[in-house]
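Survey of secondary and tertiary structure
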Amino acid sequence: DALGACVLKALRLPVFAAALAALALAPAAAVGQSERSSESTQEAKPQSDRQRLEQCLSAVSNAGSDPRACVGAVADPCLEALAGTEPEAASECMNRETSLWSENLNDVVKSLRSVLDKDAAARLDSVQEAWKVYRQQRCAFGTALYPDGDLASVWSATCLLEETGRRAVELGAILKEAKSRRG
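Residues numbered from 1 in each chain as written. Predicted model: local features only at pLDDT ≥ 70, side-chain atom pairs only at ≥ 80, totals over all residues. Heavy atoms only, no water.

What follows is about the state of the cysteines. Going through the model one piece at a time under the given rule, you end up with three disulfides. Cys56 shares a disulfide with Cys70; S-S distance 2.1 Å. In this structure the cystine formed by Cys56 and Cys70 twists about its S-S bond by roughly -95°; its chirality is therefore left-handed. Remark: Cys70 occurs in the loop between α4 (45-63) and α5 (75-82) and Cys56 occurs in helix α4; sequence separation between them is 14 residues. You can call Cys70 buried: its relative accessible area is 0%. Across the disulfide, Cys78 is cross-linked to Cys93 (sulfur-sulfur distance 2.0 Å). On the S-S bond that ties Cys78 to Cys93, the torsion sits near -65°, and the link is left-handed. (Disulfide = S-S within 2.5 Å. Helix = DSSP H or I, 4+ residues; strand = E, 2+ residues; numbered from the N terminus. Buried < 20%, exposed > 50% of the residue type's maximum accessible area, 1.4 Å probe, protein only.)

Leu53, Met94, Trp101, Leu112 and Leu171 are the most contacted members of the largest nonpolar core, which has 31 residues in total. Elements represented by at least two residues in this core include exactly α4, α5, α6 (87-115), α7 (118-140) and α9 (150-182). The element best represented in this core is α6, accounting for ten residues. Here Leu53 is in contact with Cys70, Ala73, Val74, Glu97, Leu100 and Trp101, once residues within four sequence places are set aside. Within the second largest apolar cluster, six residues are counted, among which are Leu145, Ala152, Trp155 and Cys159. (Core = buried A, V, L, I, M, F, W, Y, C linked by side-chain atoms within 4.5 Å. Contact = heavy atoms within 4.5 Å.)

A side chain with one charge can pair with a side chain of the opposite charge if their charged atoms come near. Going through the model one piece at a time under the given rule, you end up with eleven salt bridges. Residue Glu163 pairs with Arg166 through a salt bridge whose shortest N-O separation is 3.5 Å. Highlighted residues: Glu163 and Arg166, both in helix α9, separated by three residues, approximately one helical turn. Note that Arg167 is salt-bridged to Glu170, the shortest N-O span being 2.8 Å. Within this pair, Arg167 and its partner Glu170 are both found in helix α9, separated by three residues, close to a single helical turn. Classification of Glu170 as partly exposed rests on a relative accessible area of 41%. Overlapping salt bridges, with partners in common, bring together Arg138, Glu162, Glu163 and Arg166 in one network. (Salt bridge = Lys/Arg side-chain N within 4 Å of Asp/Glu carboxyl O.)

Okay, here's the thing in structure tokens:
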């Protein structure tokens, strides 16, 4: 719809666009099939997802490209494989990748704290807490845009993925800079 198109253009959420496209193409029969295939490969996904994200990050690093391009490296192929299904399945695609970026972000914050002095580490903690509040508020905004609930959950999951991935990349760059200054 027009609201959705404006939101996508304004927020530039390519993963959300892919999720909406996948949902729009949903044949009713695909629901049961995707749930069964999701359950049967649940154990293999985390390793495969991690490898896909690490390969993307390595490739963009080697090419000197922006690592933010890797946000969606796991979710996008997952959404394509769904070929349309229930919103919960689309949200799960985003949640799988968000968990990887969250782990990455936590590792980066821990490493960054170890190279900062006490005052800077305390400031980092304060900024991270403020960022978490911002992320939560921003990602909850989808309920105002999509009050029916289904699209709101997809919007929120996409937002959490994009915000968490961007933050991990941003702090990763700060960590790299801080380490280079330390010598």
